[in-house]
Amino acid sequence: MERTLTIIKPDAVKAGHIGDIIKIFETNGFRIVAARLVNLSKPEAEGFYAVHRGKPFFESLTGFMSSGPAIPMVLEGENAIARLREVMGATNPANAAAGTIRKLYAASIEANCIHGSDAPETAAFEISYFFPGVQLI
Ligand code: CMP
């Protein structure tokens, strides 16, 4: 069993796709271990995406991620990190496979509906970023 951090991003919350995306998690056998609704400040978004500091899209991305409510969640399942990335689809929805969350609901490479951890080390950091000191069950 493995855990991963996902965020239903502000574009998907605003467009009313929370339920659609959670349904896809459930259909694909992920167990929801934790969830919050947050309205990130710009510094909080910058802290989360610190690995991207200095990239051309950093300012815009962190502005977007602090533009409205978002839902970080911890998902658990076999091979959860890689499987969630399959279910999400490519970062740019234009390149995402049919049936993936980003193909179904995302508008652009920035407003791309959903985040998912890319490796065990980043999952550990990202889970502790949103659920510090929380006993996950
Ligand atoms: P995410 O999986 O949350 O990880 C980093 C995010 O940066 C990514 O999804 C996109 O939303 C965004 N991103 C990555 N590359 C670009 C890019 N070239 N232009 C704009 N945003 C990007």
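Up top you'll find the structure we're talking about.
Here the structure is a predicted model, which means the values were calculated and not measured.

Conventions used here
Residues numbered from 1 in each chain as written. Predicted model: local features only at pLDDT ≥ 70, side-chain atom pairs only at ≥ 80, totals over all residues. Heavy atoms only, no water. Helix = DSSP H or I, 4+ residues; strand = E, 2+ residues; numbered from the N terminus. Buried < 20%, exposed > 50% of the residue type's maximum accessible area, 1.4 Å probe, protein only. Contact = heavy atoms within 4.5 Å. Areas by Shrake-Rupley, 256 points an atom, 1.4 Å probe, with all protein chains shown as cover. Arc of directions from axis to C-beta. Near = heavy atom within 4 Å. Polar contact = N/O pair within 3.5 Å; in protein donor to acceptor, adjacent residues only side chain to side chain. Nonpolar A, V, L, I, M, F, W, Y, C, P; charged D, E, K, R; others polar. Pairing = 2+ DSSP bridges. Axes fitted to C-alpha atoms, helices over the stretch in contact; angles between N-to-C directions. Phe/Tyr/Trp six-rings, centres within 6.5 Å; stacked < 30°, edge-to-face > 60°. Lys NZ or Arg CZ within 6 Å of the ring centre and 35° of its normal. Salt bridge = Lys/Arg side-chain N within 4 Å of Asp/Glu carboxyl O.

**Quick word on the overall build of the protein chain**
Counting its secondary structure elements, the protein chain contains seven helices and four strands. Its helices and strands taken in sequence order, the protein chain reads β-α-α-β-α-α-β-α-α-β-α from the N to the C terminus. A burial count over the protein chain gives 47% of its 137 residues as buried. Long-range pairs, those at least 24 residues apart, make up 75% of the contacts in the protein chain with a sequence separation of at least 6. Within the structure as shown, the protein chain displays about 6800 Å² of accessible surface, and the carbon and sulfur contribution to it stands at 56%.

**Some details on helix α4 (residues 58–65)**
Among all positions of α4, only F58, L61, T62, F64 and M65 are buried. Down the axis, α4 shows its buried residues gathered within 160° of arc, on one side only. Looking at the buried side of α4, the elements it contacts are β1 (2–8), α1 (10–14) and α3 (42–48).

**Observations regarding the site of the ligand**
The environment of the ligand is made up of K9, Y49, H52, F57, L61, T91, R102, I109, E110, N112 and H115. At 3.0 Å, a backbone N or O of I109 approaches an oxygen atom of the ligand. Within the backbone of E110, an N or O atom sits 3.3 Å from an oxygen atom of the ligand. Broken down by class, the residue content of the shell around the ligand amounts to four nonpolar, four polar and three charged.

**Structural notes on the sheet that holds strand β2 (residues 31–35)**
Strand order in this open sheet of four strands is β2-β3-β1-β4, and the pairing throughout is antiparallel. Strands at the two margins of the open sheet, each flanked by one partner only, are β2 and β4 (114–116). With strand direction ignored, the average angle separating the axes of adjacent strands in the sheet is 25°. On top of the sheet, helix α5 (residues 80–88) reaches β1, β3 (71–77) and β4; it is set at about 30° to β1, its chief contact.

**Digging into the packing of aromatic side chains**
According to the stated counting rule, one finds six aromatic pairs in the structure shown. An angle of 75° between the planes, with centres 6.4 Å apart, marks the rings of F25 and F30 as edge-to-face. Of the two residues, F25 and F30, neither departs from the other in class, the shared state being buried. Aromatic side chains F48 and Y49 sit 4.9 Å apart centroid to centroid with 80° between the ring planes, which places their arrangement in the edge-to-face category. Chaining the aromatic ring pairs together yields one cluster made of F48, Y49, F125, Y129 and F130. R83 extends its terminal NZ or CZ atom over the ring of F30, reaching a point 4.5 Å from the ring centre.

**Things to note about α5**
Buried within α5 are the following residues: A80, I81, L84, V87 and M88. Each buried residue of α5 lies within a common arc of 130° when the element is viewed along its axis, so the set occupies one face. Phi turns positive one or two residues past the end of α5, at G89, with a value near 90°.

**Here we look at the pattern of salt bridges**
In the structure shown here, the tally under the stated rule is four salt bridges. A salt bridge links R31 to E76; the nearest nitrogen and oxygen atoms lie 3.0 Å apart. Of this pair, R31 sits in strand β2 while E76 sits in strand β3; the two residues are 45 residues apart in sequence, bridging distant segments of the chain. Of the residues examined, R31 reaches a relative accessible area of 39% and is grouped as partly exposed. Between E46 and K42 there is a salt bridge, with the nearest N and O atoms lying 2.9 Å from each other. Residue E46 and its partner K42 are both found in helix α3; the two are separated by four residues, about one turn of the helix. Given a relative accessible area of 26%, K42 falls into the partly exposed group. It is possible to trace a salt-bridge network through shared partners that takes in R3, R31 and E76.

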